[in-house]
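Understanding the architecture of this molecule
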Amino acid sequence: MVSTVSTADTQEERRCNHLRPIGHVAIVGGTHGNERMGLIMVDELQRKPPTCSYRLSALVANEEAVVARGTGAGRRYMDTDLNRCFLLKDLERPDVPEASEERRAREINELLGPKSSLTPKTDLIIDLHSTTSNTGVLLCLHPHDKFALQLAAHLISLDPSIRIALWNCEDDVALLPSISRSGITVEVGACAHSIIVFELLEKVAEISLFRRAYTLDYPRSNGQSTVQSAFIHPKLQGVRELQERLKTSSPVFARLDGSEELLGSVVPDMGEDEELYPMFINEAAYVEKNVALVLASRRVETVTYWARHLPVA
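Residues numbered from 1 in each chain as written. Predicted model: local features only at pLDDT ≥ 70, side-chain atom pairs only at ≥ 80, totals over all residues. Heavy atoms only, no water.

We now examine a nonpolar patch on the surface. A cluster of nonpolar side chains, contributed by Leu149, Ile164 and Leu166, occupies part of the molecular surface with about 230 Å² of accessible area. Turning to its location among the elements, Ile164 is positioned in strand 5 (residues 163-166). Given a relative accessible area of 36%, Ile164 falls into the partly exposed group. (Patch = residues over 30% accessible without salt bridge, like charges linked within 9 Å, V, L, I, M, F, W, Y side chains within 5 Å. Areas by Shrake-Rupley, 256 points an atom, 1.4 Å probe, with all protein chains shown as cover. Salt bridge = Lys/Arg side-chain N within 4 Å of Asp/Glu carboxyl O. Helix = DSSP H or I, 4+ residues; strand = E, 2+ residues; numbered from the N terminus. Buried < 20%, exposed > 50% of the residue type's maximum accessible area, 1.4 Å probe, protein only.)

The subject of this paragraph is unusual backbone geometry. Cis peptide bonds are those with omega within 30 degrees of zero, and the linkage from Gly113 to Pro114 qualifies with 0°. Relative to the helices and strands, Pro114 resides in the loop between helix 5 (100-112) and strand 3 (124-130). Residue Ala190 is reached from Gly189 by a cis peptide bond, and omega for that bond is 10°. Of note, Phe280 is a non-glycine position whose phi angle comes to about 50°, a positive value. Looking at where Phe280 falls in the secondary structure, it is placed in the loop between strand 11 (276-279) and strand 12 (293-306).

This paragraph deals with the sheet that holds strand 10 (residues 260-262). Strand order in the open sheet made by the three strands is 8-9-10, with antiparallel pairing throughout. The open sheet has two edge strands, strand 8 (231-232) and strand 10, and neither has a second partner. (Pairing = 2+ DSSP bridges.)

A few words on helix 5. Its 13 residues give helix 5 an end-to-end C-alpha distance of 18 Å, which sits within 8% of 18 Å, the value for a rise of 1.5 Å per residue. Ser100, Glu101, Ala105, Ile108, Asn109 and Leu112 are the residues of helix 5 that are buried. Elements in contact with the buried residues of helix 5: strand 1 (24-29), strand 2 (55-60), helix 3 (63-67), helix 4 (88-91) and strand 3. (Expected span 1.5 Å × (residues − 1). Contact = heavy atoms within 4.5 Å.)

Let us now look at the pairing of strand 2. As a general feature of sheets, a regular strand has side chains that alternate between the two faces. For strand 1 and strand 2, the ladder comprises six bridges, and the chain directions are parallel. Of the residues in strand 2, the one forming a bridge with Val25 is Leu56. Crossover strand 1 to strand 2 through helix 2 (residues 37-47) is right-handed. (Right-handed = clockwise from strand over helix to strand, strands pointing away.)

Another point: the sheet that holds strand 3. Strands sit in the order 2-1-3-6-4-5 across an open sheet of six strands; the sheet is mixed. Two strands lie at the open edges of the sheet, namely strand 2 and strand 5, each paired on one side alone. Strand after strand, the sheet turns through a mean of 20° between neighbouring axes, direction not considered. Lying on the sheet, helix 2 is in contact with strand 1, strand 2, strand 3 and strand 6 (182-189); it crosses strand 2 at an angle near 135°. (Axes fitted to C-alpha atoms, helices over the stretch in contact; angles between N-to-C directions.)

It is worth stressing that arrangement in space is one thing and function is another; only the former is reported here.
Here you go:
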């Protein structure tokens, strides 16, 4: 049985029910027919659907405006702005709307909602837009949408250049993503209407690649393989591995008599400019292999990718 909502309290309950598992995600493009960036993503997802732990739908919202001819490819809308047609009172009006976008809003609401339900068919809608403004990647969402906020925080951890803007704090909003349990509008710019700016579809990242360069054993007493005469230096124990570069003057081992061994003496062939980073320091499982720590060299590589290649849970 479908539970309907008619009050601000129940709208808020639907919006904040963020602990329920995500079962269905919808990626929507073409809400405005002349914003082509989202259409590229929707087309790619329809042709090559990824393997997900949830149901994934890809939808063109305003097909009529997409195929129409305006000042360029597509028109923003035919009769009225589709992204202002999703107020609950408008969706539930008994009359048949004259505007094509108002009729389409009802179809989308039936397909992905309904907005009047505490358990709509879609748990998350991501509505893809492009803008002539220089926004970069901007995520727009309701300030009380806890799951959307958590998702946005995760995306920012992957790309700190992403920004968040909040919708007005109203009981009901007229935007397409609001028919779902959680929703995000993604704006990408600057991009002129009717065209694709490829650099907005791709990302360039520098990543650090590490390769084993040296494997160091513990110093031994009188050549006895089972007795250590020195131990991992306190300044090295517990450092963030593969992040802090070691120098020839970095202490590596400490002895009970207070003496220490520096990296330059442990690795005499090490060059002054050589970059070495420690890993597997004092790893218990490697003691039997006579490994006190591993020193890795670092290489930086530039990788170009686009959103299609991001991992999907």
